[in-house]
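Analysis of the macromolecular model
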Amino acid sequence: MIRRPPRSTLSSSSAASDVYKRQVSDTPVRPFVRQSVAVPPWSHNPQAVIAPDGTWVIFTLGPGFGQKPQVNCSQPTVEPADLDHSDIQGVNFTVHYAASPRGPWTPLTFTPSGWDSNWTLQNPGNWNPAPVFGEDGSIRIMAHTDWNPWAGEVILEAPSWRGPYRVHSHMGDRIDRCDFCEEDPFMWRDKRGNWHVLYHRMFDPYGPLDPNWGSVVKPTKTPVPLGWAGGHAFSKDGYVWSNWTRCYNTSVVLTNGTVVEHQRRERPKLLFDADKNPTHLYNGVFDTSGSSVTFTIVAPIKGTHAD
């Protein structure tokens with residue numbers, strides 16, 4: 001799908017509220033102004049795409065219904081809350097759709113076929129979807145399988161965003177084959193037809209790569225340390241993928257030349273121009289002070305026309 005450079009983006013979450021808000025800006029880098037709530041908690045890491053039939057579809061991590069009440073994001077002292085999902089049976093994923101970015105948004109829940117029962121997910125709807133539309137209206141989604149017993153990405157396919165969805169049977173679509181090393185995929189096709197994915201690379205600090213990185217042993221340090229937060233992989237067909245490589249870190253150079261180091265730099269999203277060239281990288285971040293307050297940062301990509 002050709003992603004239009006939209007005036008709206010859906011990105012806002014905190015440790016306990018996880019509420020999407022529709023926000024608008026005249027340029028990719030100017031402050032965004034809140035318009036309305038689009039999807040209630042529990043939900044975050046949104047990706048809003050326009051389907052070939054003109055429908056706006058929001059894919060989220062989390063189903064948009066909650067086990068916890070909504071809280072005030074303006075309170076910086078809010079601590080994370082565990083979600084009780086003992087009443088959730090099976091694996092169900094929920095998307096939200098509307099005729100325009102102004103809503104109203106309607107949920108649609110589906111159960112994918114071929115999902116391995118061992119892919120337990122950490123919370124309900126924790127599939128971390130990365131959707132790409134075909135010109136015929138079909139859709140391909142890279143989805144996370146959670147930590148145990150294997151934490152890779154799989155490919156889901158459907159003839160329409162309405163489903164039915166199935167796990168692709170090709171063994172090559174089990175992307176990284178490692179535990180505790182990645183999340184938050186963002187997948188796209190370039191103007192030459194090649195497939196790419198960015199993701200949040202976990203537990204990969206500065207310096208030489210740990211030879212045990214990606215092992216099945218859970219790292220002892222938390223949160224994710226400073227270092228190589230971004231990973232990239234590519235594919236000719238979107239099923240058999242290259243190895244992951246480092247592509248960006250937790251430091252960001254501001255327009256005044258100041259370098260800001262972030263404790264985490266997650267949830268990558270790209271903005272594209274009319275020629276399908278990526279122009280800006282968006283991430284969810286928080287600083288190194290230990291604060292639980294998160295925010296969105298945008299970085300123009302070198303070599304592109306950026307405002």
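The structure this text deals with has already been given above.
One structure accompanies this document, and this report is about it.

Quick look at the sheet that holds strand β15 (residues 245-248) now. Spatially, the four strands line up as an open sheet ordered β12-β13-β14-β15, and their pairing is antiparallel. Edge strands, defined here as strands with exactly one partner in the open sheet, are β12 (182-189) and β15. For this sheet, the mean inter-axis angle between neighbouring strands, taken without regard to orientation, is 35°. In the sheet, strand β14 (residues 230-235) pairs with β15 via three bridges, with the strands oriented antiparallel. Looking at β15, one finds that G231 is bridged to R246.

Moving on, we come to unusual backbone geometry. The omega angle of the peptide bond from P41 to W42 is 0°, so this bond is cis rather than trans. Note that W42 resides in the loop between β3 (33-39) and β4 (44-50). Looking along the chain, the bond that leaves G163 and enters P164 is cis, with omega of 0°. Its place among the elements puts P164 in the loop between β10 (153-158) and β11 (166-167).

What follows deals with the packing of aromatic side chains. Counted according to the given criterion, the structure contains twelve aromatic pairs. Measuring from ring centre to ring centre gives 5.3 Å for F93 and W115, while their planes differ by 75°; the resulting arrangement is edge-to-face. Taken together, the residues span a long stretch of sequence, with F93 in strand β6 (residues 93-98) and W115 in the loop between β7 (106-110) and β8 (130-133) at a distance of 22 residues. Residue F93 shares its accessibility class with W115, and that shared class is buried. Ring centres of Y97 and W161 lie 4.9 Å apart, and the angle between their planes is 50°; this geometry places the pair in the tilted category. Here W161 lies in the loop between β10 and β11 and Y97 lies in strand β6, a separation of 64 residues in the sequence. Each member of the pair, Y97 as well as W161, is classed as buried. Aromatic rings pair up to connect F59, F93, F110, W115, W127 and Y165 into one cluster.

Counting 23 residues, the largest nonpolar core has F59, W115, W127, L156 and Y165 as the members making the most contacts within it. For this core, the secondary structure elements donating two or more residues are β5 (56-61), β6, β9 (139-144) and β10. Those residues in contact with Y165, other than ones at most four positions away along the chain, are F59, F110, T111, P112, S113, I139, I141, L156, E157, A158 and S160. Formed by 14 residues, the second largest nonpolar core is a distinct cluster that contains A130, V132, Y199 and W241.

With that settled, the discussion passes to the pairing of β8. Where burial is concerned, the two faces of β8 agree: the one with A130 and V132 and the one with P131 and F133 are both buried. Of the strand pairs in this sheet, β8 and β9 are connected by four bridges, and their pairing is antiparallel. From the neighbouring strand, F133 faces β9, where its bridge partner is I139. If you look at the hairpin formed by β8 and β9, you'll find five residues sitting between the two strands, and G137 has a positive phi there, around 95°.

Our next topic: the side chain of D184. Relative to the helices and strands, D184 is located in strand β12. Within the buried core, D184 has no salt-bridge partner, and the shortest N-O distance to an opposite charge, that of R267, equals 4.3 Å. Only 3.0 Å separates the side chain of D184 from the side chain of N128, close enough to count as a polar contact. Here the side chain of D184 touches R267 through a polar contact of 3.1 Å, landing on its backbone nitrogen. Excluding anything up to four places from it in sequence, D184 contacts N45, L61, N128, L198, Y199, H200, E266, R267 and P268.

Right, let's talk about the pattern of salt bridges for a bit. The final tally for this structure, using the stated rule, is six salt bridges. D204 serves as the salt-bridge partner of R246, at 2.8 Å between the closest nitrogen and oxygen. On the criterion of sequence distance, the pair formed by R246 in strand β15 and D204 in the loop between β13 (195-201) and β14 is long-range, its members being 42 residues apart. Its relative accessible area of 26% is what places R246 among the partly exposed residues. For E266, the salt bridge goes to R267, with nearest N and O atoms at 4.0 Å. When salt bridges that share partners are traced, they join R140, E157 and R166 into one network.

The rules behind these values
- Residues numbered from 1 in each chain as written.
- Predicted model: local features only at pLDDT ≥ 70, side-chain atom pairs only at ≥ 80, totals over all residues.
- Heavy atoms only, no water.
- Pairing = 2+ DSSP bridges.
- Helix = DSSP H or I, 4+ residues; strand = E, 2+ residues; numbered from the N terminus.
- Axes fitted to C-alpha atoms, helices over the stretch in contact; angles between N-to-C directions.
- Phe/Tyr/Trp six-rings, centres within 6.5 Å; stacked < 30°, edge-to-face > 60°.
- Buried < 20%, exposed > 50% of the residue type's maximum accessible area, 1.4 Å probe, protein only.
- Core = buried A, V, L, I, M, F, W, Y, C linked by side-chain atoms within 4.5 Å.
- Contact = heavy atoms within 4.5 Å.
- Lys, Arg positive; Asp, Glu negative; His and termini not counted.
- Salt bridge = Lys/Arg side-chain N within 4 Å of Asp/Glu carboxyl O.
- Polar contact = N/O pair within 3.5 Å; in protein donor to acceptor, adjacent residues only side chain to side chain.

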